[in-house]
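Structural description and commentary
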Amino acid sequence: MLLPLLPKPKPHKALPSEIWTEIFKFVLEAQGGDEQIWCVARVNHGFRATALPLAYKRVHIHSLSQLEKFYRRLYDAEMKWDCIRRIPYSAPGRWVQSLDLTKVTFVDHAQAFLLDSLLTPLFPLVPCLTHLSMNPLFVMSRRAIASLAYRPGVVNIRSLEGITYVPAQTQSEEEESMVTLLRCCQHLEELEITGHSPDPSDLDWTAFEDPETYASKGPLFLPHLRILTLLSIHSSPLLFTLLISHLPSLEKLTITPYDDLPGSPVSQFIETHGAHLRSLLLFTPKSWPTRLHPSPDSILTTSPNLRHMSLEQPLPTLVIKGNHPLQFLSIPRPNNDSWDFLARLLPHVPNLCAVRARDVKWLRKGMNSRAQEAGVQGTMREWRKRLARRGVRMLDSDWKDIEP
């Protein structure tokens, strides 16, 4: 009779679900993690229970058909949920925290209407949504915006990106849906809105006589808003409401200048909220035809704490009073006029570290010397030599120096 010489091995202790969650988070953060996490969820029931909440945490939709399947999945789960369960919201809808729709495209009005019709019932099914990214080419209807504003958990929204906004053309006592949405998002930290309306220089445009009626319901409460982008909005109820709102945490502002329009509050907006800004980017989206409007001259005086300033053509004649702590300056394209502007500014910005050409890249290594010395490339090389004497770097649009 044979007896075992070694004791029976003790069974391995199972890892707690918290450790598996950390492991799966590492998988999700790796390259291609969005696909790998779904493979992990198919291994067994234990992995599925742990990995699925992570897989649904950040959802990227690439087409209308994907969006329709996603909505159907959430809707079916909602229909099977009941009030007896301990958690009030259905899964996987409650797991979704970030929804990225930037790659969803449409070719005609029918597909745009379908997209809007899917978003309207979808928003209430994701009560824990904190980040929403939209395709700027798509304009949400009032019903979709209202669905987002009045859904459960709207206060949890931290970021709204790629939102396209059509300002009201006439005054009304009823508050705009976009303003209502922002009034509900009290924990908002990042907001990106692009206006969708003709340039005022193409129209016989005049400001409304009483812009204060825009803010009849009072200012917005956005104490955590740090990053704000307002493009191609020269005058609107939203802009006037944000103008009278207190934004104590605002650090980065990207806005389209309209200093030549007497009724536009953009220059006043920069002046009102410029005290705590660390980054101010004046930018006009490229369209045809592109209308460039002047910028205010008082940027450095109204924004004394700026560290990065990006200017738009035509470059303003800045009012300079003493030295300024500016460290990074971006201009559209180097030329003789912009060098005159820079030469006048340099003595007043002793902390300047780099000048960036916003719309130009250095030629790749290997191009012949004539190409590197011609046109704007030659101008940038000349600027690089001049700025190097002051210890200032010359960078391209990718924030890179020239290759050695």
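Described in the following lines is the structure provided in the data block.

**Observations concerning the packing of helix α6 (residues 142-149) against helix α7 (residues 177-184)**
At a minimum axis separation of 9 Å, α6 and α7 run at an interaxial angle of 10 degrees. Taken together, the axis directions place α6 and α7 in an arrangement best described as roughly parallel. Each of R142, I145, L148 and A149 in α6 lies in contact with α7, whose residues at this interface are S177, M178, L181 and C184. Residue composition of the contact of α6 with α7, by class: six nonpolar, one polar and one charged.

**Things to note about the environment of H131**
Along the chain, H131 turns up in strand β3 (residues 131-133). With a relative accessible area of 36%, H131 lands in the partly exposed category. Apart from residues no more than four positions distant in its own chain, H131 is found in contact with Q97, S98, L99, R158 and S159.

**Considerations on the pairing of strand β6 (residues 227-231)**
Of all five residues making up β6, four are buried, and the element is well covered by its neighbours. Of the strand pairs in this sheet, strand β5 (residues 190-195) and β6 are connected by five bridges, and their pairing is parallel. Counted as the bridge partner of I193 is L230 from β6. Here β6 runs beside strand β7 (residues 252-255); their pairing, made up of four bridges, is parallel. The residue of β7 that forms the bridge with L230 is I255. The parallel pair β6 and β7 is bridged by helix α8 (residues 237-243), and the resulting crossover is right-handed.

**Details of a nonpolar patch on the surface**
Where nonpolar side chains cluster on the molecular surface, the patch consists of L15, I19 and I23 and spans about 220 Å² of accessible area. When its relative accessible area of 41% is taken as the criterion, L15 is described as partly exposed.

**Details of the sheet that holds strand β2 (residues 98-100)**
A sheet is described by the order of its strands in space; here 12 strands give the open sequence β1-β2-β3-β4-β5-β6-β7-β8-β9-β10-β11-β12, paired in parallel fashion. The sheet terminates laterally at β1 (58-60) and β12 (393-395), the two strands that pair on one side only. In this sheet, adjacent strand axes meet at a mean angle of 10 degrees when their direction is disregarded. In terms of strand pairing, strand β11 (residues 354-357) meets β12 through three bridges, oriented parallel. Opposite A354, over in β12, you have R393 as the bridge partner. Across the sheet, α7 lies against β4 (159-165) and β5, angled at about 170 degrees from β4, the strand it touches most.

**Section: helix α2 (residues 33-41)**
Listed as buried for α2 are G33, I37, V40 and A41. Projection of α2 onto a plane perpendicular to its axis shows the buried side chains occupying an angular sector of 100 degrees, all on one side. Residues of α2 that are buried in the fold lie against α1 (17-29) and α3 (45-55).

**Points about the nonpolar core**
Soluble globular proteins tend to bury their nonpolar side chains together. L119, L160, F269 and L329 are the most contacted members of the largest nonpolar core, which totals 103 residues. Setting aside anything within four residues of it in sequence, one finds F269 in contact with L228, L230, L239, L242, L243, L247, L253 and I255.

**What to know about the packing of α1 against α3**
Between two packed helices, both the angle of their axes relative to each other and the distance between the axes serve to describe the pair. Across the interface, α1 lies against α3 with an axial gap of 10 Å and an inter-helix angle of 45 degrees. What the angle tells us is that α1 and α3 run oblique. In this structure, α1 meets α3 at a crossing whose hand is right-handed. Packed against α1, whose contacting residues are S17, W20, T21, F24, K25 and L28, the element α3 presents F47, T50, A51 and L54 at the interface. Along the lines of polarity and charge, the residues of the contact of α1 with α3 split into six nonpolar, three polar and one charged.

**Observations regarding the packing of aromatic side chains**
For the structure on display, the rule yields five aromatic pairs. Geometrically, the ring pair formed by Y71 and Y75 is tilted, given 5.9 Å between the ring centres and 35 degrees between the ring planes. Of this pair, Y71 and Y75 are both found in helix α4 (residues 64-80), four residues apart, which corresponds to roughly one turn of the helix. Judged by its relative accessible area of 12%, Y71 is buried. Overall, Y75 belongs to the partly exposed group, its relative accessible area being 30%. Arranged with centres 5.3 Å apart and planes meeting at 55 degrees, the rings of W339 and W383 form a pair that is tilted. Residue W339 is found in helix α11 (residues 336-345), and its partner W383 is found in helix α13 (residues 375-388); the two are separated by 44 residues along the sequence. This pair shows no difference in class: W339 is buried, exactly as W383 is.

**Considering a positive patch on the surface**
Taken together, the side chains of R42, R48, R73 and K80 make up a positively charged region of the molecular surface. Examined against the element boundaries, K80 turns out to sit in helix α4.

**What to know about the side chain of D100**
Positionally, D100 belongs in strand β2. A polar contact is formed between the side chain of D100 and the side chain of H60, at a distance of 3.3 Å. When near neighbours in sequence (up to four residues on either side) are disregarded, D100 contacts V59, H60, I61 and S133.

**Concerning the pairing of strand β10 (residues 328-331)**
As defined by bridge partners, strand β9 (residues 308-310) adjoins β10 across three bridges and the pair is classed as parallel. In the sheet register, S310 faces β10, and the bridge partner there is S330. Across four bridges, β10 lies against β11 in parallel orientation. Within the sheet, the bridge partner assigned to F328 lies in β11 and is A354. Once you follow β10 into α11 and on to β11, the crossover reads as right-handed.

Conventions we followed
Counting restarts for each chain, with residues numbered from 1 along the sequence as it is written. It should be noted that, the model being predicted, local features are given only for residues of pLDDT at least 70 and side-chain atom pairs only at 80 or more, the latter also being counted only at that level, while totals for whole chains, interfaces and linings use all residues. With hydrogens and water set aside, each side-chain value is computed from the structure's full complement of heavy atoms. Lines fitted to C-alpha atoms define the axes, with helix axes restricted to the stretch in contact, and inter-axis angles between N-to-C directions lie between 0 and 180 degrees. To qualify as a helix, a DSSP run of H or I must reach at least 4 residues; to qualify as a strand, a run of E must reach at least 2; elements of each kind are numbered from the N terminus. Here roughly perpendicular refers to angles of 65 to 115 degrees, roughly parallel to angles under 35, roughly antiparallel to angles over 145, and oblique to all remaining angles. Pairs of residues are marked as contacts when any of their non-hydrogen atoms sit within 4.5 Å. Classification convention: Asp, Glu, Lys, Arg as charged; Ala, Val, Leu, Ile, Met, Phe, Trp, Tyr, Cys, Pro as nonpolar; all other residues, Gly among them, as polar. Residue exposure (1.4 Å probe, protein chains only): buried if accessible area is under 20% of the type maximum, exposed if over 50%, otherwise partly exposed. Each pair of strands is called paired provided DSSP finds at least two bridges between the two strands. Looking down the strands as they point away from the viewer, one classifies a crossover as right-handed if the path from the first strand across the helix to the second runs clockwise. A patch is a set of surface residues, each over 30% in relative accessible area and not in a salt bridge, joined within 9 Å for like charges and within 5 Å for the nonpolar side chains Val, Leu, Ile, Met, Phe, Trp and Tyr. Only the protein chains shown count as covering a residue, and every accessible area follows the Shrake-Rupley method with a 1.4 Å probe. A side-chain nitrogen of Lys or Arg and a carboxyl oxygen of Asp or Glu constitute a salt bridge if their distance falls within 4 Å. In this description, the arc belongs to the directions extending from the helix axis to the C-beta atoms. Only buried Ala, Val, Leu, Ile, Met, Phe, Trp, Tyr and Cys residues count toward a nonpolar core, and they belong to the same one when joined by side-chain atoms within 4.5 Å. Should the near helix be turned counterclockwise from the far one by less than a right angle, the crossing is left-handed, whereas a clockwise turn marks it as right-handed. Side-chain rings of Phe, Tyr and Trp (the six-membered ring for Trp) are treated as a pair once their centres are within 6.5 Å; stacked means planes under 30 degrees apart, edge-to-face means over 60, and tilted covers the remaining angles. In this tally Asp and Glu are treated as negative and Lys and Arg as positive; neither His nor the chain ends contributes. Working definition for charges: the position is that of NZ of Lys, CZ of Arg, CG of Asp or CD of Glu. Nitrogen and oxygen atoms within 3.5 Å of one another constitute a polar contact, given that in protein one can donate a hydrogen and the other can accept it, and given that sequence-neighbouring residues count only through two side-chain atoms.

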